[in-house]
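Chain by chain, the residues run as shown.
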2 protein chains.
Amino acid sequence: MEIRAIEDDVDRVRTIVTTSEPNTSFHYVGLDEPDKPTVLSWPTTSRNPNPSSSPPRRALVITRVNQTTHEIVVDLSKNAVVSDRVYGGHGFPLLTFDEQTAADDLILKYPPFAAAVARRGLRIEEVACGSFTVGWYGPRTTGDKTKRVVRVMCYTYQGTANVYMRPIEGVTTTVDLDLMVIVGFRDRLVVPVPKADGTDYRESEQKPPFGPRLKGIAVVQPDGPNFAIDGNWIRWATWNFHLSFDMRVGPIISLAFINDIEKHESRRVLYKAFISELFVPYMDLTEEWYYRTFFDVGEYGVGLSAVSLEPLRDCPKNAAFMDAFVVGQDGRPVNMSNIFCVFERSGGDIMWRHTEALIPNRVTREVRSEVSLVVRMVSAVGNYDYIIDWEFKQSGSIIAKVGLTGVLEVRGTKYTHKDQIREEVYGTLLSENTIGSNHDHFITYHLDLDVDGIENSFVKNKLQTTRVIDSPRKSYWKVVSETAKTESEAKIKLGSGASELLVVNPNKRTKMGNNVGYRLIPGSVVHPLLSDDDYPQIRGAFTKYNVWVTPYNKSEKWAGDLYVDQSQGDDTLAFWSSRNRNIENKDIVVWYTLGFHHAPCQEDFPLMPTLSGGFELRPTNFFERNPVLKLYTSEEVLKNKCENLKNSSI
Amino acid sequence: MEIRAIEDDVDRVRTIVTTSEPNTSFHYVGLDEPDKPTVLSWPTTSRNPNPSSSPPRRALVITRVNQTTHEIVVDLSKNAVVSDRVYGGHGFPLLTFDEQTAADDLILKYPPFAAAVARRGLRIEEVACGSFTVGWYGPRTTGDKTKRVVRVMCYTYQGTANVYMRPIEGVTTTVDLDLMVIVGFRDRLVVPVPKADGTDYRESEQKPPFGPRLKGIAVVQPDGPNFAIDGNWIRWATWNFHLSFDMRVGPIISLAFINDIEKHESRRVLYKAFISELFVPYMDLTEEWYYRTFFDVGEYGVGLSAVSLEPLRDCPKNAAFMDAFVVGQDGRPVNMSNIFCVFERSGGDIMWRHTEALIPNRVTREVRSEVSLVVRMVSAVGNYDYIIDWEFKQSGSIIAKVGLTGVLEVRGTKYTHKDQIREEVYGTLLSENTIGSNHDHFITYHLDLDVDGIENSFVKNKLQTTRVIDSPRKSYWKVVSETAKTESEAKIKLGSGASELLVVNPNKRTKMGNNVGYRLIPGSVVHPLLSDDDYPQIRGAFTKYNVWVTPYNKSEKWAGDLYVDQSQGDDTLAFWSSRNRNIENKDIVVWYTLGFHHAPCQEDFPLMPTLSGGFELRPTNFFERNPVLKLYTSEEVLKNKCENLKNSSI
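All chains use their own residue numbering, which begins from 1 and follows the written sequence. Labels are handed out in written order, letters beginning with A for the chains and numbers beginning with 1 for the ligands. Note on the predicted model: pLDDT of at least 70 is required for a residue's local features to be given, and 80 or more for side-chain atom pairs to be given and counted; whole-chain, interface and lining totals, by contrast, use all residues. Excluded from the side-chain calculations are hydrogens and water; all other atoms, namely the structure's heavy atoms, are used.

A.B. asks: Give me the packing of aromatic side chains: which residues, what numbers.
C.D. replies: Planes of paired rings set the category: under 30 degrees apart is stacked, over 60 is edge-to-face and the rest tilted, where pairs are Phe, Tyr or Trp rings (Trp by its six-membered ring) whose centres lie within 6.5 Å. The tally for this structure, following the rule as stated, stands at 58 aromatic pairs over all chains. Ring centres of A:Tyr384 and A:Tyr386 lie 5.7 Å apart, and the angle between their planes is 20°; on these two criteria the pair is classed as stacked. Classification of residues uses two cut-offs on accessible area relative to the type maximum, computed with a 1.4 Å probe and protein chains only: under 20% is buried, over 50% is exposed, and between them is partly exposed. Exposure remark for A:Tyr386: the relative accessible area of 1% places this residue in the buried category. Each ring, one from B:Phe294 and one from B:Tyr300, has its centre 6.1 Å from the other, and the planes form 70°; the classification is edge-to-face. Across the pair, B:Tyr300 and B:Phe294 agree in class, each one buried. Clustering of aromatic rings is evident, with ring pairs tying together A:Phe132, A:Tyr282, A:Trp289, A:Phe294 and A:Tyr300. Only when the NZ atom of a Lys or the CZ atom of an Arg is both within 6 Å of the ring centre and within 35 degrees of the ring normal do we say a charge sits over the ring. Taking the ring centre of B:Tyr271 as reference, the NZ or CZ of B:Lys36 above it sits at 4.3 Å.

A.B. asks: Describe the domain arrangement of chain A, and please don't skip the residues or the numbers.
C.D. replies: Residue and element names in this part refer to chain A. When its domains are assigned, chain A resolves into domain 1 (3–87), domain 2 (97–205) and domain 3 (239–620). All the domain ranges listed were derived from an automatic or database domain assignment. On a C-alpha basis, the centres of domain 1 and domain 3 stand 28 Å from each other. Listed as interface residues are 23 residues of domain 1 and, on the opposing side, 28 residues of domain 3. Buried area is understood as the total, over both parts, of accessible area removed when two parts are fitted together, assessed with a 1.4 Å probe. The junction of domain 1 with domain 3 conceals about 2400 Å² of combined surface from both sides, 61% of it contributed by carbon and sulfur atoms. Three residues, Glu-33, Lys-36 and Leu-40, lead the burial of domain 1 against domain 3; their summed loss comes to 29% of the area buried on that side. Note on definitions: salt bridges are taken to be side-chain nitrogens of Lys or Arg within 4 Å of carboxyl oxygens of Asp or Glu. If you look at where domain 1 meets domain 3, you find six salt bridges. Among the salt bridges present, the one from Lys-554 reaches Asp-35, with a minimum N-O distance of 3.1 Å. Polar contacts, as counted here, are pairs of nitrogen or oxygen atoms within 3.5 Å of one another; within protein the pair requires one atom able to donate a hydrogen and one able to accept it, and residues that are adjacent in sequence qualify only if both atoms are side-chain atoms. Taken together, the connections running from domain 1 to domain 3 amount to 10 residue pairs in polar contact (both at pLDDT 80 or more). The numbering of helices and of strands both runs from the N terminus, where a helix is a DSSP run of H or I of at least 4 residues and a strand a run of E of at least 2. Every element with two or more residues in the side of domain 1 that touches domain 3 is listed here: α1 (3–20), β1 (25–31), α2 (36–41) and β3 (68–75). We call two residues in contact when some of their heavy atoms are within 4.5 Å.

A.B. asks: Please set out the interface of chain A and chain B residue by residue, giving values where relevant.
C.D. replies: A common way to report how large an interface is uses the accessible area buried once the components associate. Each side of the interface is counted separately: chain A has 178 residues, and chain B has 177 residues. Summed over both sides, the interface between chain A and chain B buries roughly 16300 Å², with carbon and sulfur atoms accounting for 55% of that surface. We note a salt bridge from B:Asp349 to A:Arg376, for which the minimum N-O separation is 4.0 Å. Here chain A is connected to chain B by 96 residue pairs in polar contact (both at pLDDT 80 or more). No other element matches the 10 residues that helix α9 (residues 635–649) of chain A contributes to the side of chain A that touches chain B. Any residue that is not Ala, Val, Leu, Ile, Met, Phe, Trp, Tyr, Cys, Pro, Asp, Glu, Lys or Arg is counted as polar, Gly included; the first ten are nonpolar and the last four charged. In the side of chain A that touches chain B, the residues fall into 78 nonpolar, 51 polar and 49 charged.

A.B. asks: Would you mind going over the state of the cysteines in detail, with residue names and values included?
C.D. replies: All names here are of chain B. Cysteine sulfur atoms are paired as a disulfide whenever they fall within 2.5 Å. Tallied over the entire structure, the rule returns four disulfides over all chains. Each sulfur of the disulfide joining Cys-315 and Cys-341 lies 2.1 Å from the other. The S-S bond linking Cys-315 to Cys-341 shows a torsion near -90°; that makes this disulfide left-handed. Taken as a pair, Cys-315 in the loop between α6 (296–300) and β16 (320–327) and Cys-341 in strand β17 (residues 333–345) lie far apart in primary sequence, 26 residues in all. For the pair formed by Cys-315 and Cys-341, the shared burial category is buried. Sequence-ordered numbering of the bonded cysteines in chain A gives a pairing of 1-2, 3-4.

A.B. asks: Give a description of helix α4 (residues 111–119) of chain A that names residues and reports values.
C.D. replies: Every α-helix carries 3.6 residues per turn, so stepping three or four residues along brings you back to the same face. All names here are of chain A. Residues Phe-113, Ala-116 and Val-117 constitute the buried set of α4. An end-on view of α4 places all buried positions within 100° of arc, on one side of the element. Residues of α4 that are exposed and point over 90 degrees away from its buried face: Pro-111, Ala-118 and Arg-119. Taken together, the buried residues of α4 touch α3 (97–108), β5 (127–133), β6 (149–156), β7 (171–176) and β8 (181–187). After α4 finishes, the residue Gly-121 shows a positive phi value of roughly 70°. To be clear, the arc concerns the directions from the helix axis to the C-beta atoms.

A.B. asks: I'd like a rundown of the nonpolar core, residues and numbers included.
C.D. replies: In summary, soluble globular proteins display a tendency toward joint burial of nonpolar side chains. Nonpolar cores were defined as sets of buried Ala, Val, Leu, Ile, Met, Phe, Trp, Tyr and Cys residues, with membership established by side-chain atoms within 4.5 Å. Counting 287 residues, the largest nonpolar core has A:Trp390 and B:Trp390 as the members making the most contacts within it. Excluding anything up to four places from it in sequence, B:Trp390 contacts B:Pro251, B:Ile253, B:Ala273, B:Phe274, B:Leu373, B:Val374, B:Val375, B:Ile398, B:Ile399, B:Ala400, B:Tyr445 and B:Leu447. In this structure, A:Val526, A:Ala541, A:Leu573 and A:Val589 belong to the second largest nonpolar core, which totals 14 residues.

A.B. asks: Outline the UniProt feature "modified residue: 2',4',5'-topaquinone" (unreviewed entry) in chain A, listing residues and values.
C.D. replies: All names here are of chain A. UniProt positions are given in the numbering used here, feature names are shortened, and annotations may be inferred rather than shown by experiment. Under the UniProt annotation, "modified residue: 2',4',5'-topaquinone" (unreviewed entry) lies at Tyr-384. Counting through the fold element by element, Tyr-384 comes out in strand β21 (residues 384–393). When neighbours within four sequence positions are excluded, Tyr-384 is seen to be in contact with Tyr-282, Ser-379, Leu-404, Thr-405, Val-407, Leu-408, His-439, His-441, His-598 and Met-608. A distance of 2.7 Å separates the side chain of Tyr-384 from the side chain of His-439, its partner in a polar contact.

Right under this line is the structure:
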């Protein structure tokens, strides 16, 4: 859909909703997803010839009105609210930026807080604050339980842009976001505020000695890119998919088809893929820290926190950019520029090669270099920057990558050297008075594969050691294929035992008789270390297994609950899956969790070099043969082009 | 050292050795490594001002004379053999190409073999053969044990360059390489030879339908590269290291220093790194296959099997190439062109970034894009092509990557559809009459890190779940640091439990008091599936743990034995390490094994898309702070340059 049209739609949604209830604050506006059959009947050619054939255009709106959460469905074709349901369960919707800003202003004008700042010898004019979700800690904290509160933590940016490196520790302010009043304030203790020196990361603020100055390097495509962006449809090589933006999750890849050259057929691979939740528990038990167990997707919005990408730095020279809209608390569309970039990656990798010297007096060499397509979005959820990449390969692989950079959440401390530390400080001393706190990142993907059709099965190919007799060998491994019949059979904790994990279409086979499938090749495997009965882990129970498989259910999208702010873990993937439904030869969804345990090191100060992880979805007996064998090579064309370019520049 | 000088040296070595013993066959000629102190006293500036300051130039030569193995040390400064030791233990040296060719010729002229070929309706003129090492299967196969034999397996290349896809199954010929006579021949059974159709991978042989033709893409550096190659020294950004070629292992990275801008000091990171062994056991128990448990480094030579890299396809446009020399069976140097390429990778990744919106009315954004340096060699050991990359990052990370491509080793079979199969076929039916055999790849790296000096320790930072009381939380994880005192404490099977693995210098600390170190971030974790008592696993016992740490010992280089052909596993890493030596605050060597279990799929036919794995060595409290914060950015310069380029091409 055209970006302009989205803006208009958003504005119409606001009008329709506020007409009936003027005093509404908008926490989420997104697509009310049509049923799968409806979507699949939608022409998947990029441009949609007649709008009438489009699915019903409905918006899902989540609002707060008089301290209650409303789930409103607006029908844009009818210009009407078709349903308005009050949500009565645990937890609250996404925080809005406006209310977070309001909370900050409230505190900065609050005399006791001003006193606390003065007491620390800081200037209130150089203090900035952030709203931290409070989590849920069981009966003990019933006070917070029913109110929509946040803890507001403040920092001074005196002498630096790296505000998170200068925390004002010991002061906790609790704000009720609905009433927008301070409901709690405590100045527990004074801790030295880390110095500004050496914290700034802006190029303009750096002082010598500098690193070596590298001469420029760039990717050029003299004849232009090979991809076409048509509204939200992206076509590249044999791929054709839809990219949309959601203020909660950010990028949503859907309806990914790959053109099978041999079969002259566009084959379905992926119905929908996105990051369902991003759980970041900290391991610091001090009063100002213990509750920091963030769910970035459901509490802050990875889409809402998306940032404009900088040409030539965030994305290479050959990238194309796309804008997006989020929705303000007032329901108005807010244009965000350069939110996605799309570019062809040419990183010097080899797609395939072989040199054959076995045939006498003849050496054969054939090589193809790798070119792939990358879709990127960056979300800066507070201190952390998440680089979210979806990479499509000509071989049929889809690679999901997440890069973690940005700045750490650090705690102020009196310590200036490790030898002074005699207590548990929950992290690493990175610089004077600066502790980098231990934490985890769990990134849970919703992967609705539709391999060559809707009905799929999840298969574990176990590689099983087998003893043998009557052979010079004593053992070998064989593949023992197990199809998961129910959800419980598909829960997998990676790391123990060797097996290949596949989503196959049991109703489609290759000429040789193998089930067509896609394999999940895991990366960055991590397991939660919190106890199962710990409150943050009850809410983050969906991280217990690296892989879950559920039958498709339109209402099961949010691994950590739709209302994850102060959720109690009663509507998570772990809960749904406990029903142990049948998943064999059904429309199934794979949930994959990758992650990192992060014990900071000094190289992460004052800003972290990117740490990346990801996984691959790789065709496995999906094609009859290597699908990239018959690619044209265009190096020669290019070679001449580039010689011209080169010469001309001399 | 200049490439020319190497050629001369090799030739002098031959003269010196053959003078005393004309009837010598050369199986290995390489550097007789000087003692570490001597090497470290060698000026590490790239060009060596006066040769006299060079370490003693000695060659290690391994020869076969009258069916005995000789280890000869030649002193090039003295022009003399300084020692000639007869090796009396188990196992044999690298196979030479010449003897493999001779063995093939022998068989192609052998009437019973010609008959076997005719019996299968094939033309002997279109048959090519390969020598397969026979392994060791204990007392049962004493016949083979003391003789240097290989099994020669043959293929027809009738109608295809993809000779490995057309195996002549059922025929086994055994050749004594020393006597160069056939000592065994068996034509066990006739199996259909897979058809040539669709097996050829040469561009010239492809028929429509073709994939989409992509427009060209290239990396350009209008102002030239940022690296300098001076003999075997490579300088780039803050890195300075030595790259040499060895006919056994291929690339050897040594004396890697990184320039610490803040400290104005060139700091030692790596003394030496190379692939020590590459173990590839197949899982097929049939008579013609059971023994196929190859050790590519020690049996065939990953260096000896290196292939010329193709500009623009194997390495990008901005690559520089280096030649190398191997040594023929006659001791003469054989020039191999374009064996290494060195290039700057600009794959569109982000080195670090942050967008800061917390400070009122001010948005700060700072981004640096990633540019790294890659050193590449490709080795085609028979059917497989191994892409060996060493990547250096400005952040101080060193990333080792291996890409697997080339063609599979397939077994001919009568089957044309999976449904016909009622027996164990040890693999996947990839095409008519073609079984892709299950197998593993274990790639074992020798990593002699010298972190800021020679004395280092190996540290496990275990992330340990801890129950808590008097907190709203019930648990958190803390870092429990354990220094491995002996070799047994450093044996690690990855996958169970969370821990960070570091090599630290216990004698050097940061200002904050943290031990300077480098972290090993594993990737492609794999564990052997063969039983410990199985003969191939006894020889490949070094794969049992993903990580081993040994005290530096000049004689411990070959994880699988120096003489791995028919070795009996009595001189492997597993054996050395059983001495359980002290490794704390010593000069230590880390051995890391990555790998893949490979159950082939149809996409691997007739040629495999690259499958990659690797690991990272990442500075961890090595620097006082993020070492890439103060990089200049040259995008602007570049931007203009590229605009010129672009315009000129229109």
